[in-house]
Amino acid sequence: MSAVSRHAVSVTGRPEAPPMLFVHGFGCDQHMWRHVAPAFEENRRVVLMDLMGAGASDLSAYDEQRYGTLEGYADDITQVVRDLDLRDVVLVGHSVAAMLVAMTAVAEPGRVAGLVMVAPSPRYVDAPGYTGGFAEEDIDELLDSLASNYLGWSSAMAPAIMGNADRPELGAELTESFCRMDPEVARRFADATFRSDHRDLLPQVDVPTLVLQCTDDVIAPVAVGEYVVQHLPQGSLVMLEATGHCPNLSAPDATGRAIADFVGDLDAVTA
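Please read these numbers as outputs of a predicted model, since none were measured by experiment. (Residues numbered from 1 in each chain as written. Predicted model: local features only at pLDDT ≥ 70, side-chain atom pairs only at ≥ 80, totals over all residues. Heavy atoms only, no water.)

Colleague: What should I look at first to understand the packing of helix α2 (residues 70-83) against helix α3 (residues 96-107) in this one?
Modeller: Two packed helices can be described by the angle between their axes and the distance between those axes. For the pair α2 and α3, the least separation of the axes is 8 Å and the interaxial angle reads 60 degrees. Of the possible angle classes, the one that applies to α2 and α3 is oblique. Like other packed secondary-structure pairs, α2 and α3 cross with a definite hand, here right-handed. On α3, the residues touching L70, E71, Y73, A74, I77, T78 and V81 of α2 are V96, L100, V101, M103, T104 and A107. Class assignment for the residues of the contact of α2 with α3 results in 10 nonpolar, 2 polar and 1 charged. (Axes fitted to C-alpha atoms, helices over the stretch in contact; angles between N-to-C directions. Helix = DSSP H or I, 4+ residues; strand = E, 2+ residues; numbered from the N terminus. Parallel < 35°, antiparallel > 145°, perpendicular 65-115°, else oblique. Left-handed = near helix turned anticlockwise from the far one by under 90°. Contact = heavy atoms within 4.5 Å. Nonpolar A, V, L, I, M, F, W, Y, C, P; charged D, E, K, R; others polar.)

Colleague: Hey, could you run me through the sheet that holds strand β4 (residues 89-94) in this one?
Modeller: Where strands meet in a sheet, backbone hydrogen bonds hold them as pairs that are either parallel or antiparallel. Read across the open sheet, the 7 strands follow the order β1-β3-β2-β4-β5-β6-β7; overall the sheet is mixed. In this open sheet, the two edge strands, each paired with only one partner strand, are β1 (10-13) and β7 (235-243). Strand-to-strand twist in this sheet, taken as the mean axis angle between neighbours without regard to direction, amounts to 20 degrees. Running over the sheet, α3 touches β2 (19-23), β4 and β5 (112-118) and is turned about 150 degrees from β4. Contacts between helix α8 (residues 222-231) and the sheet are confined to β5, β6 (209-215) and β7, with β6 contributing the most and set at about 170 degrees to the helix. (Pairing = 2+ DSSP bridges.)

Colleague: Looking at this structure, I do not really get the nonpolar core. What am I missing?
Modeller: If you look at soluble globular proteins, the nonpolar side chains tend to sit buried side by side. Membership of the largest hydrophobic core comes to 72 residues, with the highest contact counts inside it found for L21, F26, L100, L115 and L174. Examining the composition of this core, we find that 9 residues originate from one element, α3, more than from any other. Residues contacting F26, with those up to four places away along its chain left out, are V96, L146, Y150, W153, F178, A186, F189 and A190. Ranked by size, the runner-up nonpolar core spans 24 residues in total, among them M20, V92, V116 and A258. (Core = buried A, V, L, I, M, F, W, Y, C linked by side-chain atoms within 4.5 Å. Buried < 20%, exposed > 50% of the residue type's maximum accessible area, 1.4 Å probe, protein only.)

Colleague: Is there a simple way to explain the pattern of salt bridges in this structure?
Modeller: Close approach of charged atoms allows side chains of opposite charge to pair. Enumeration according to the criterion identifies 17 salt bridges in this entry. For R66, the salt bridge identified is with D76, shortest N-O distance 2.6 Å. With R66 in the loop between β3 (45-48) and α2 and D76 in helix α2, this residue pair connects regions lying 10 residues apart in the sequence. Given a relative accessible area of 31%, R66 falls into the partly exposed group. Take D76: its relative accessible area is 1%, and that puts it in the buried class. Of the charged contacts, one joins D197 and R199 as a salt bridge, the two residues approaching to 2.8 Å between their closest N and O atoms. Using a relative accessible area of 31% as the deciding quantity, one classes D197 as partly exposed. Relative accessible area serves as the criterion here: at 21%, R199 is assigned to the partly exposed category. Among the charged side chains, a network of salt bridges with common partners joins R82, D85, R87, E108 and R111. (Salt bridge = Lys/Arg side-chain N within 4 Å of Asp/Glu carboxyl O.)

Colleague: What is the right way to read unusual backbone geometry from this model?
Modeller: Peptide bonds are mostly trans, and most non-glycine residues show a negative phi. At D88, a position not held by glycine, the phi torsion is positive, near 55 degrees. On the secondary structure map, D88 appears in the loop between α2 and β4. Unusually for a residue other than glycine, A119 sits at a positive phi of about 55 degrees. Residue classification places A119 among the buried residues on the basis of a relative accessible area of 1%.

Colleague: Would you take a moment to explain α3 for this structure?
Modeller: Along an α-helix, a turn takes 3.6 residues, which lines up residues three or four apart on a common side. Between its first and last C-alpha atoms α3 spans 17 Å; for 12 residues at 1.5 Å apiece the expected length is 16 Å, and the two agree. Most of α3 is tucked away, with 10 of its 12 residues classed as buried. All of the buried residues along α3 are V96, A97, A98, M99, L100, V101, A102, M103, T104 and A105. Tucked into the core, α3 has its buried residues touching β2, α2, β4, β5 and α7 (183-194). (Expected span 1.5 Å × (residues − 1).)

Colleague: What should I look at first to understand the environment of I161 in this one?
Modeller: Residue placement: I161 occurs in helix α5 (residues 150-162). For I161, a relative accessible area of 7% translates into the label buried. With sequence-adjacent residues up to four places away left out, I161 is seen in contact with L174, F178, V218, I219, G244, H245 and C246.

Colleague: I keep staring at the pairing of β3 and nothing clicks. Help me out?
Modeller: Sheet faces and side chains relate simply in a regular strand, where the side chains alternate between the two faces. Where β1 and β3 come together, 4 bridges link them in antiparallel fashion. Counted as the bridge partner of T12 is V46 from β3. Looking at chain direction, β2 and β3 are connected through 4 bridges and run parallel. The residue of β3 that forms the bridge with M20 is V46.

Function cannot be inferred from these measures alone, as they are strictly geometric.
Structure below.
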C-alpha cells in the first residue's frame with residue numbers, strides 16, 4: 001500500500017499550483033485543519049494526511065518498533081512528499097508535527113520551500129540552559145497516568161492543552177479526538193513525543209521557517225518558541241493573538257493570516 005493510501009491523504013485546490021502539506025499533532029487528525037487549510041485552495045495545491053494511528057490511517061500498517069520514535073512518523077511524511085512528487089512544498093506542522101516536518105525538510109531539502117511550525121517544541125523536559133516547560137518527574141507522571149487510564153487522562157488533559165476555558169466546546173472537541181485514538185498507539189506516540197530531544201535538528205533546517213506561538217500554552221511555553229527561532233538559520237517568530245496549544249482551532253483566522261503572509265513572502269522571493 002502506498003503512503004498516500006496508508007495515511008488517507010486528501011488533495012484539494014489547484015493541481016498545478018505550489019503545494020502545501022498540513023500535518024496534525026498528537027491525538028488529532030487532518031480534520032483539525034478544516035478552519036485553516038481551505039483558505040489556501042484558491043492559490044495552492046492543499047494536501048492533508050493522517051499520521052499513523054490517527055483518523056482514517058491504516059492501523060494494520062502500525063509497527064511498534066517503527067513508531068517507537070518520532071523518526072518513524074517523520075519518515076511517513078517524507079514518503080508522502082515523495083509519492084506525490086511534491087516540489088517547492090510548504091510544510092505546516094502543529095505541535096509534535098512541527099518537529100516531524102522539520103525532519104522531512106532535512107531529509108528532502110530540494111523539495112521543501114519553507115516550514116510553518118505551529119506551537120513547536122524540540123524538547124519538553126527542562127535541561128541546563130534550556131526551558132522545556134516540564135520537569136522529568138512531570139513527564140513520568142503524565143505518561144504513567146496516560147498508560148493507566150487513557151480515557152480519563154484524555155478527559156483531564158485535552159481541555160488543559162486546548163486552554164480557552166471560556167470556550168468549553170473546544171476542549172470537548174479535542175477530548176473526543178484524543179479518545180478516538182487507540183490507547184496503546186497513543187501511549188507509544190506520547191512516550192516518543194515527550195521523551196524526545198531534537199534540539200540538534202534545528203540548525204540543520206536551512207529553509208525559511210515561520211514559528212507561530214501562543215500565550216498560556218501549557219505544552220510549549222513562549223520560551224520554547226523563542227529558543228526554536230534563535231536556533232533556526234532562517235527562523236521568524238509570530239506571536240498570535242491566541243491562547244492555548246491549538247490555534248488552528250481556537251484562533252484559525254489569525255493562524256491562517258500569519259501563514260498566508262509567510263507564504264506570500266516566499267512567493268515574492270521566488271517570483
